[in-house]
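Observations on the three-dimensional arrangement
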Amino acid sequence: MLSSKGVDFSKILRRYDVDQQVAATPQEMAKEMLPHDPVFKKVAEEVLYMRFKTVGPVVNEALKEKKPLDVINEGLVAGMEIVAKLYAEHVYYLPEIMLAAKTMEIGIALAEKKLEGGKMKAKATVIMHAAEGDPHDIGKNIAAIMTKAAGYDVIDMGRDVPVTEVIAKTVEVKPLFVSGTALMTTTMSAFPRIAAGFMAKGMNIPFMGCGGAVNREYANSYDLGIYSDKAAQTPPIADKILAGYDWKKVREEWDNIVRGD
Amino acid sequence: MAVTRYTKVAYKDADELIFGRAQHPVSYGFGIKVGAGRVIPELNYAPRPGTERDVEKFRREYVDYICKDALDRAITAGMPDLQMETEWVSQMNQKKLAVPVVSGQAEICEKYHEEYGINTAMRQTIPDQREADHGLRPGMDKKFSYPEKLIECAEMACENGAHVFSVESMGGKELADNAVTQGDIVSFLFGVGYLGSIDMTYIWQQFVDICKKNKVTPGGDTNCSGANTSMFMAGGFLDNDVQRTFSAITRAIASARTLCAWECGATGPDKDCGYEGPICKAVAGKPTAQEGKNCQCAHCDLQGNLMASTCDLWSNESVEYHPEFGGSSVACWLGSLGYEVALMNTSIQLGQDKTLRDLYMYTDRTRGPEGYILAYDHAFMIGKAIAEHGNDLYLRSKAAGETAAKIILDGYNSKELPLTKKQLEVLQECQKQMAALPDNEAKFVEYCTKLYKDVPAFNIKNYGL
């Protein structure tokens, strides 16, 4: 083997991950973001530190003196919002998002038992699936967790879902939007057929194309089509649709939306 | 087909591991010789969306456009060899779509070989559409019959003109997905290292029989659905999904699984997207297909040069067929492959191949943990760890993971391999989790079966257990 003695590898290619790493710990970064109320703070910390084994007793304790909806919004959801910020800052990563979301869900389920009406009202319902013939669904699963964590009710139809079933479910549920993921060029061709099916049924519902084989140009090549490049972009796009953006406006504003503007 | 596990490595020392030469070269197709002293370009591609809707349009896309463009470019640029790979799209599980493509591609390879003397071959890589929730073994999947279709696809490929046969099998995917999203290395070890190895052994015995019956070369497999998912999610320096220390360990574990095809009688070359190739080659001495710097059409990685250092076939991973300024995408990316392969082969002719190998390797050695463990000296160490426990699917996967983790930690401690705080933290957590595992297979299976009972789609019966 050639000797590498004296070689400065940083002059060949740079390790930006090491150079740019955030020095602060999650605890230091979260300090200013946590709720001031000690009860809500304790609940939020359960989510922030992914304590899915102990979140139950903490939430039950909080419910003794706080309203269920407040425990959800000011404790659990507040904790999840900090997690999302740490993720954006490259302090937290995907496993933290997944475990924090799991912790939050456990807490919400407990709080909902005390809630009048039994269930927290979701922002809206969305449908997700992996395209017909496509077994690759990890991206869809991650997007589903992130979208749920952002307050949406997600109907996950699974993978390899026939076009007709997606259209039928959409007719039944009338969701805010529908997403499809594909890892093959020949499975993503289901997307324009689904969108055409929506229009034939008179539904002006955005259809979000995602996945390794899909690009923005393709997802925008048929009416109703919008694009999401990464799972984390789905919740902000959902928020804009909820705020009244139709598929055309999502396309026009896409760069700003995914940038967080 | 008998299964012979590897209990020793094929090479005396790491220095013997090099591109273009394997201990057990393989010949097939029209003059293609892999691992016999020359690196061969392997071009992979995807048809344009919508072409699958019409049988004749589909055949034309694959044969008259994609393969013809590639062969024309190979002749135009003076390439002596060209292997092409068709990774079947899901619709090709239908005979009407698959057979005209497979037979048409074999015919066009033969035509160019006869007309110009270029060495040509087709790799047919069938899809594994099996879904764990419906069942991985015949008789279990009442909805799609995907386990039966997997075997039917193998027969369709082998009976109609494949020269070399491959698959990207999916066994253990449900636990690999769980592992990658939760950062749980034990889930990966159980799903891919152990259950995936059982599944591969089960299906590859059948594939090797089908290949033998039809005089087709059984190439190999890859853990695309596991270790590649992990690597892609770890991504580059702007990504923030999975830690690269974690993905590197998953790659080492996956190598113990990918070997199973060869242990069932497959001869290589394995699949390009299995970045575990250097480790597998160190153990088995069979030729390996790799990808890296010339697959930027498909994805970015952090070891694009290093991966060339031990390859026998050099691939572009995959490119969608479309026009570029320099011709169609397949012609352009073949041009890129062809130049790289010519450089490697020039170095062999000039006796400078070890120097070039080391240059490739050093370029990426310290860019990340994954490249670091795949540097040929480290790949050899992991290969040895696997072979020392070769007969035990659990212990060898565990040894692969633990050895990779130790190599990374040693690299960090010696200041050769920089790590972020988080990468180090995750590395140490993985080491802790693996060290705490039971010391034998039965206890490990019992422990994991309980631990992962609630993972969606996990069903131990899929693995005959």
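Our subject is the structure that appears above.
**Here's the deal with the overall build of chain A**
Helix and strand content of chain A: 12 helices and five strands. Principal axes of the C-alpha set define a box for chain A whose edges measure 70 × 55 × 30 Å. Across the 261 residues in chain A, those meeting the buried criterion constitute 52%. Relative to all contacts within chain A whose residues are 6 or more apart in sequence, the contacts with residues 24 or more apart total 70%. For chain A, the exposed area adds up to about 12,200 Å²; of that, 52% sits on carbon and sulfur atoms. Between the averaged position of the 33 positive side-chain charges in chain A and that of its 35 negative side-chain charges there is a distance of 2 Å.

**Regarding the pattern of salt bridges**
This structure, assessed with the given rule, holds 52 salt bridges over all chains. A salt bridge links B:Asp64 to B:Arg59, with the shortest nitrogen-to-oxygen separation between them at 2.9 Å. Across the salt bridge formed by B:Glu402 and B:Lys398, the nearest N and O atoms sit 3.7 Å from each other. Placement of the pair is B:Glu402 and B:Lys398 together in helix H13 (residues 393-413), with a separation of four residues, close to one helical turn. Within the structure, one salt-bridge network assembled from shared partners comprises A:Asp137, A:Arg159, B:Glu131, B:Asp133, B:Lys173 and B:Asp177.

**As for the nonpolar core**
The biggest cluster of nonpolar side chains holds 190 residues, and the ones touching the most others in it are B:Met84, B:Ile126, B:Phe165, B:Phe190, B:Trp204 and B:Phe207. By residue number, the principal contributor to this core is helix H5 (residues 185-213) of chain B, which donates 16 residues. Ranked by size, the runner-up nonpolar core spans 44 residues in total, among them A:Ala124, A:Met128, A:Val154 and A:Ile205.

**Some words on the interface of chain B and chain A**
With 53 residues of chain B at the interface, the matching set in chain A holds 42 residues. Carbon and sulfur atoms make up 55% of the surface buried where chain B meets chain A, a total of about 4,000 Å² over both sides. Of all residues in chain B, B:Phe237, B:Asn240 and B:Tyr362 bury the most surface against chain A, accounting for 16% of the area lost on that side. Counting every contact that joins chain B to chain A gives six salt bridges. In this structure, A:Asp17 and B:Arg244 form a salt bridge, with 3.2 Å as the shortest nitrogen-oxygen distance. Where chain B packs against chain A, one counts 20 residue pairs in polar contact (both at pLDDT 80 or more). At the level of secondary structure, the elements contributing two or more residues to the side of chain B that touches chain A comprise helix H4 (173-182), helix H6 (224-234), helix H10 (353-365), helix H12 (376-388) and helix H14 (421-435) of chain B.

**Focus: the environment of B:Ala157**
Locating B:Ala157 in the fold gives a position in helix H3 (residues 146-159). Counting along the chain gives 34 residues from B:Ala157 to B:Arg123, while the straight-line C-alpha distance between them is 9.4 Å.

**Focus on H3(B)**
All names here are of chain B. Taking 1.5 Å of rise per residue, 14 residues should cover 20 Å, and H3 covers 19 Å from first to last C-alpha, within 8% of that figure. If you check which residues of H3 are buried, you get Tyr146, Pro147, Leu150, Ile151, Cys153, Ala154, Met156, Ala157 and Cys158. Those residues of H3 hidden inside the fold are in contact with helix H2 (95-116), strand S5 (119-126), strand S6 (164-167) and H5. Directly beyond the C-terminal end of H3, a positive phi value near 130 degrees is found at Gly161.

**Describing the packing of aromatic side chains**
Between two aromatic rings, the relevant description is the distance of the centres plus the angle of the planes. Inspection of the entire model under this criterion finds 21 aromatic pairs over all chains. Aromatic pair A:Tyr218 and A:Tyr222: ring centres 6.0 Å apart, planes at 70 degrees, arrangement edge-to-face. With relative accessibility at 14%, the residue A:Tyr218 sits in the buried group. Look at A:Tyr222 and you get buried, because its relative accessible area is 9%. Consider the rings of B:Phe190 and B:Phe458, whose centres lie 5.8 Å apart with planes at 75 degrees: the pair is edge-to-face.

**Some words on the pairing of S6(B)**
Residues and elements named next belong to chain B. Alternating positions in S6 separate into two faces, Val164 and Ser166 on one and Phe165 and Val167 on the other, with burial throughout. Pairing of S5 with S6, which is carried by four bridges, proceeds in the parallel orientation. In the sheet register, Arg123 faces S6, and the bridge partner there is Val164. For the handedness criterion, the β-α-β arrangement of S5, H3 and S6 is classed as right-handed. Where S6 meets strand S7 (residues 217-220), three bridges bridge the pair, whose relative direction is parallel. When the sheet's bridge partners are listed, Phe165 is paired in S7 with Pro218.

Conventions used here
Residue numbers restart at each chain and count upward from 1, following the sequence in its written direction. Both sets of labels track the order of writing: A upward for chains, 1 upward for ligands. Selection of residues for local features in this predicted model requires a pLDDT of at least 70, selection of side-chain atom pairs for listing and counting requires 80 or more, and totals for whole chains, interfaces and linings are taken over all residues. For the side-chain quantities, the full set of heavy atoms in the structure was used; hydrogens and water were omitted. The helix count covers DSSP runs of H or I at least four residues long, the strand count covers runs of E at least two residues long, and both are numbered beginning at the N terminus. Classification of residues uses two cut-offs on accessible area relative to the type maximum, computed with a 1.4 Å probe and protein chains only: under 20% is buried, over 50% is exposed, and between them is partly exposed. Contact between two residues is taken to exist if any of their heavy atoms lie within 4.5 Å; hydrogens are not considered. The method behind every accessible area is Shrake-Rupley, applied with a 1.4 Å probe, and residues are considered shielded solely by the protein chains displayed. Charge counting treats Lys and Arg as positive and Asp and Glu as negative, with His and both chain ends excluded. Lys charges are placed at NZ, Arg charges at CZ, Asp charges at CG and Glu charges at CD. Salt bridge criterion: a side-chain nitrogen from Lys or Arg within 4 Å of a carboxyl oxygen from Asp or Glu. Nonpolar core, defined: a set of buried Ala, Val, Leu, Ile, Met, Phe, Trp, Tyr and Cys residues in which side-chain atoms within 4.5 Å join the residues together. Buried area: the accessible area, evaluated with a 1.4 Å probe, that two parts lose upon being put together, summed over both parts. Distance and chemistry together define a polar contact, namely a pair of N or O atoms within 3.5 Å, with one atom able to donate a hydrogen and the other to accept it when in protein, and with adjacent residues in sequence counting only for side-chain atoms on both sides. One less than the number of residues in a helix, times 1.5 Å, gives the span that helix is expected to have. A pair of aromatic rings is counted whenever rings of Phe, Tyr or Trp (Trp by its six-membered ring) have centres within 6.5 Å, and the orientation is called stacked for planes under 30 degrees apart, edge-to-face for over 60 and tilted otherwise. Any two strands with at least two DSSP bridges between them are considered paired. Look down the strands so they point away from you; if the path from the first strand over the helix to the second goes clockwise, the crossover is right-handed.

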